[in-house]
Amino acid sequence: MRIFSLLLLLLASVAQAESSLTELLEINRNVEGEFRQTTYNDQGKQIQVSEGVFLLAEPNRFVWDTISPFPQRIIADGKTVTIWDVDFEQATQKPLAASVGNSPAALLGESAENVLQHYDVKTLSGAKYQLAPKGEEDLFQTLTLSFRNDLIQAMSIKDALGQTTLIEFKNVEAHEGVSPENFKVDLPDYVDLIIEPGVEQPAG
């Protein structure tokens with residue numbers, strides 16, 4: 001009987017964590033701000049740092065602009081993701097569905113209902129949650145999300161090899177909607193564009 005009671009408490013705790021996180025994820029589907037992304041190897045040594053700005057807007061639209069050390073633009077219009085390496089004059093377009101989970105912006109851009117069904121959720125402290133993938137084929141072990149005043153503050157991803165990527169967000173603001181023009185890609189003619197299978201081509 002005691003074990004059964006503990007199990008009920010555990011299930012209730014998990015349900016409450018998912019409910020709270022669902023609300024936070026939905027709030028953060030329409031935000032903009034700045035980010036600093038730092039990657040550490042499995043020994044804890046810093047190996048890469050990048051900074052930039054981002055814009056998220058439902059449904060599944062985002063701009064993830066890395067400014068330094070190398071400019072890169074990742075833009076999603078709800079169906080397609082374009083990854084543009086500015087200095088290399090090369091860009092790749094792929095279906096959005098194939099990219100969810102590979103990009104922090106894509107993860108936040110998805111509806112909470114679609115995202116959380118793939119994870120086991122645990123509350124760590126305050127507005128901090130750890131997500132563990134249910135599928136063994138996932139490329140990372142854990143994903144930790146932190147919020148402050150209901151807005152995203154940090155995201156930490158530990159991959160299968162022990163490498164950790166920490167993304168810190170600042171000057172984050174919620175918005176009530178932005179122009180679709182923000183998510184249209186206008187590549188210069190000199191950019192070499194690679195289009196992967198599954199990307200819808202414009203008529204004509």
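Owing to the predicted nature of the structure, the values given are computational and were not obtained by experimental measurement. (Residues numbered from 1 in each chain as written. Predicted model: local features only at pLDDT ≥ 70, side-chain atom pairs only at ≥ 80, totals over all residues. Heavy atoms only, no water.)

(A) Spotlight on the pattern of salt bridges. Throughout the structure, instances matching the rule amount to 6 salt bridges. Close ionic contact of Arg36 with Glu51 constitutes a salt bridge, the shortest N to O distance being 3.0 Å. Taken as a pair, Arg36 in strand S1 (residues 31-40) and Glu51 in strand S2 (residues 46-57) lie far apart in primary sequence, 15 residues in all. Of the charged contacts, one joins Glu181 and Lys184 as a salt bridge, the two residues approaching to 3.1 Å between their closest N and O atoms. As far as the burial class goes, Glu181 and Lys184 line up, both exposed. Among the charged side chains, a network of salt bridges with common partners joins Glu26, Arg29 and Glu58. (Salt bridge = Lys/Arg side-chain N within 4 Å of Asp/Glu carboxyl O. Helix = DSSP H or I, 4+ residues; strand = E, 2+ residues; numbered from the N terminus. Buried < 20%, exposed > 50% of the residue type's maximum accessible area, 1.4 Å probe, protein only.)

(B) Representation of the environment of Arg29 in the model. Note that Arg29 resides in the loop between helix H1 (2-27) and S1. Considered as a pair, Arg29 and Phe62 are 33 residues apart in the sequence and their alpha carbons are 9.3 Å apart. What Arg29 contacts, discounting residues up to four positions off in sequence, is Leu56, Ala57, Glu58, Pro59, Asn60, Leu108, Gly109, Glu110 and Ser111. (Contact = heavy atoms within 4.5 Å.)

(C) Broad picture of the nonpolar core. Ranked by internal contacts, the top residues of the largest apolar core, which has 31 residues, are Leu21, Leu131 and Phe169. Counting residues per element, this core draws most heavily on strand S9 (residues 140-148), at 4 residues. Setting aside anything within four residues of it in sequence, one finds Leu131 in contact with Leu21, Leu116, Tyr119, Asp120, Val121, Gln141, Thr142, Leu143 and Leu145. Ranked by size, the runner-up nonpolar core spans 5 residues in total, among them Leu55, Ala57, Val63 and Ile75. (Core = buried A, V, L, I, M, F, W, Y, C linked by side-chain atoms within 4.5 Å.)

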